[in-house]
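Each chain, written out:
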Amino acid sequence: MGKQFSRRNLLRVGVLASAAPAAMTIASATGVSAASANGGGAGTGNTPVQLGRTTAKPFDLGQVALHEGIFQQKRDRMLNYARNYPGTANILDGPDRMLHLFRANAGLPAPGTWPGGWDTPNHLLRGHFTGHYMTLLSQAYAATGEEIFLDKLDYLVEELGKCQRALDGREVGRVAGRSGRAVRLSDPHPNQYVLLPAGLLAGVSDVTIAVWIKHATTQTNAKIFTFGASSSTYMTLSPWVSANLGPRFAITTSGSGNEQRIDGASNSVPVGEWAHVAVTISTADATGRLYVNGIEVGANTIRLTPANLGSTTNNWIGRSQSANDPYLNATVDDFRVYGRALTSAEVQALANDPAPESPDRTGMVAWYRFEEEGETAVDHSGNGRDATIIGTSYPGFLAAFPEGQFSRLEPPTLQPNSGANAVWAPWYTCHKIMRGLLNAYHLTGNEEALDIAFRMGDWAYHRLSRYSQAELDRMWNIYSAGEAGSMNEVMAELSALAPDAEASARYLQAAKAFTFTTLFDASLAERDELNGRHANQYMAPNIGYLRIFEQTGVEEYHTAARNFWAMVVPHRTFSNGGAGRSEHFGVRGIITSGFTSSSDPRHAETCCAYNMLRLTRNLFFHDQNPAYMDFYEKALHNQVLSSRRDVDSVTATEVTYHQNMWPGRSRRIGSTIEYSRYGGNGSCCNGTGLESHTKYQESIYFQSADESTLYVNLFIASTLTWPGRGFVITQETQYPTEGASRLRIDQGSGRLKISLRVPSWAVKGYTVRINGLRQQLTAAPGSYVTLDRHWSRGDTIDISMPFSFRVEKALDNKSIQSILYGPTLMVVRDDTPSYREFTFFKDLKLDGDLAGAIQPTNVPMHFTTHGYTLAPYYISDPVPGQFNAYHPYVKRVEPEVVFGSAATGVPNDGIRDEGGETFLDRVWETAPFRNHGQFLQRVMVVSDEWVTAGRHTESQRQAIFLAAAKSERDLAP
């Protein structure tokens, strides 16, 4: 208790200092992050762990305070959820819900209920939401210093530690058997099935297979054993085929329709008690017999024998060849295989007495007693045909589902996300839990969280170190089931935090095991192979590649991540910054194709934006490429900001899963409300939403690695407290309702380079004034301008970047366009499920701004055009029960080359160049024009190109130039 108390008091001092007003002395600001004492660092989206090899680094969350504005409003709604979920009086009810399934899995008392959605009993992703919740609480405390967040988090971590210790105490090896020890198969025990040697029954004609089993539950079509060569050649024994049929023995060489069977008496295999089950085949009378507890319960003519199957390879105890059949949920003991048909008396003797130490081995092929610990099932027949128990367990396991999910995913099983034994991304869930624990350590100093994460890291290393890269590749390439989140990220962080070199090397080896080689190699070679890939499955590992690069200096990890990013942006990015259809990447450059058909409308999964932002942010730490922050602003300001519904809730996250980009749709797809898809809590996007909306401040400012430069990346009202340099800097802005921002030095002095971002959309001029004096700068759109001087308290920097309306064209159809105003995607409010058609060229002035055709209203950031309302995309259904239909894209209809009122009679839309651009597109792409002469010069250049390419005739060129010359008055601003 003393350690907890001292940590909490130290953190409280740090939080109060970092969130303090300018009047408080900065000397007391020790920072809130545990990593701050070690110098901060590159961070992982929200984690300031020092990993090295970066040229820029973030500030701690508590060092940047948000002020009034849309980001603060959305953030506060999520903080309200964090304080009060699930809306009951007890502040620990939320953590208890997050713990329920972990406690149940660990065999501990589990009062109450669970979060819902995917975090429900028997759901294959249960537990991931708890990881996100830990990150939510960590970020909330780091940013605000409110004790309630720390109380919840400390309790949650302490209880998860208890669950981990309880799971370590499981009986994971042998259990009590019919006589001696036995093997327990299927969940919740780690052991899944027994892999018997290939060719075990090769050449065997007469046969007896006998076993003691204790079924945990009634199962339809589970298999006591399977010997198979293919889907049509096999021999199996099922305890039940249906509620009133079983056991059943079947053998075939030509599929299920031609099985030779023995059906036993109904329900003759009991549940919850030991039963002896045996089957014999005798070639002398072509008869097969079934026995339960020594009593014959069925017989039939059986002309096929194991020899007819050939040398079988799919030989299992407890598993079927069909993915639709469940694994056997039972305890198995004394499994015997004879190469002869035992008599009824011999079978009766096996069923009546415990197995003797030295039985009659005449004709015995194999005998598995399961007495020894470990994954090897020793063959006690003396024939050396040892078997393997699939389902190795290791200490340090922590999850809300049984460890068998990992066993089923791994070689040799490689179970997909389908069938009765489906696996759904267990490593993804593991990442979310470990990420939450590491954030609890980094952001609040919770050392127990780090201890738990270290033990999980050891467990992960032991699970994966036994496999070759080829085996790992097979696992990672399984659709959805192989999704591993950014496990390589957390393992690389553990390597950096490890207490010794040996542990560090183990964790780093495990991090590298999560290299998705197939796509990794393609990214290195700049081969775009993303089409059809599950987006998040292949996005998230790139974040970890950067962590490995920072640990090792191996450049190919950085290159792969950078090249991957360039395959997504802009080639697969919607105008809201999102990506993906139904969670998958499409063909490069195809953006809007199929939007008005019956194709799947589930676009722009919110988790994709979350992962791309994390990747983008971390790429910037290595390369201060302005394009990274252009994309970051687009995705944060549009997709992420809009993903949080503009209503208060303490019972649901109110975060979208997908965002529909179809014309005339809303954030409700059919009868499904995207804010509450899968229950509003517990889905992947609900989880990432907990994080995204409590860390808006994380990328507003960065510092160079040597602390000589401050990067101002985003224009969001905020105050930066920078203890390392003694500065407190406030940014005052109404952005995005106006294109201006003021930076004020509230505290501190000294020489500092301040690099101000010039957004790529800032084409109408970007000016900077220091203390009212305009600076002579070259501020090219899509760059940074740097102010290098000695700063003093009270100095101001005024930035002006006038907004203008512009269009962003879909790469696959340049006539399908989005309208943006500064950084903001403006959507057409209308529920018609087809594109609205707009014409703009006739209204343009020399500045190229669409404003001539767009009129303001008395509502901020709302406009009208062509009879429709334009509204910001980030406004997210603020009226309960109402869902605003919108058009992110419109269709541009410009049939004729016109300049103001001067027509030419020359077709425009009907003639396009190889890039899909029209004549007027090419003319206006270089706007603004200084004067009409410069405009005419541009018309002449494009006209020459068009004539040379045979798109226009000479007479059409003359008509165009004549009209352009006459348009001077119309085009004047």
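Residues numbered from 1 in each chain as written. Predicted model: local features only at pLDDT ≥ 70, side-chain atom pairs only at ≥ 80, totals over all residues. Heavy atoms only, no water.

Some details on the packing of aromatic side chains
At step 1: This model, assessed by the stated rule, comprises 53 aromatic pairs.
At step 2: On the numbers, 6.5 Å between centres and 35 degrees between planes, the contact of Phe-335 with Tyr-368 is tilted. In this pair, Phe-335 sits in strand β15 (residues 330–338) while Tyr-368 sits in strand β16 (residues 364–368), placing the two residues 33 residues apart along the sequence. For the residue pair Phe-335 and Tyr-368, the accessibility class agrees, reading buried in each case.
At step 3: Summarising the aromatic geometry, the rings of Phe-620 and Phe-702 are spaced 5.5 Å apart at their centres and angled 45 degrees between planes, so their arrangement reads as tilted. Of the two residues, Phe-620 sits in helix α16 (residues 606–622) while Phe-702 sits in strand β21 (residues 701–704), which places them 82 residues apart along the sequence.
At step 4: Residue classification places Phe-620 among the buried positions, given a relative accessible area of 0%.
At step 5: What links up through ring pairs into an aromatic cluster is the set Phe-397, Phe-401, Phe-406, Trp-427, Trp-459, Trp-476, Phe-514, Phe-516 and Tyr-538. (Phe/Tyr/Trp six-rings, centres within 6.5 Å; stacked < 30°, edge-to-face > 60°. Helix = DSSP H or I, 4+ residues; strand = E, 2+ residues; numbered from the N terminus. Buried < 20%, exposed > 50% of the residue type's maximum accessible area, 1.4 Å probe, protein only.)

What to know about the sheet that holds strand β26 (residues 750–758)
At step 1: The strand order across the open sheet formed by five strands is β1-β21-β22-β26-β29, and the pairing between neighbours is mixed. Bordering the open sheet on either side are β1 (56–58) and β29 (783–791), each of which pairs with just one other strand. Recorded for the sheet is a direction-independent mean angle of 30 degrees between the axes of neighbouring strands.
At step 2: Pairing of β21 with strand β22 (residues 709–712), which is carried by three bridges, proceeds in the antiparallel orientation. Bridge assignment links Phe-702 to a residue of β22, and that residue is Tyr-711.
At step 3: This element, α16, spans β1, β21, β22 and β29 of the sheet and lies at about 140 degrees to β1. (Pairing = 2+ DSSP bridges. Axes fitted to C-alpha atoms, helices over the stretch in contact; angles between N-to-C directions. Contact = heavy atoms within 4.5 Å.)

So, the confidence of the model for the protein chain
At step 1: Overall, the predicted model of the protein chain reaches an average pLDDT of 93, with 94% of residues at or above 70.
At step 2: In the model, residues 1–6 has pLDDT below 50 throughout and makes two contacts with residues more than four positions away in sequence or in other chains.
At step 3: The model gives residues 10–50 a pLDDT under 50, and that stretch makes 109 contacts with residues more than four places away or in other chains. (pLDDT = per-residue confidence, 0-100.)

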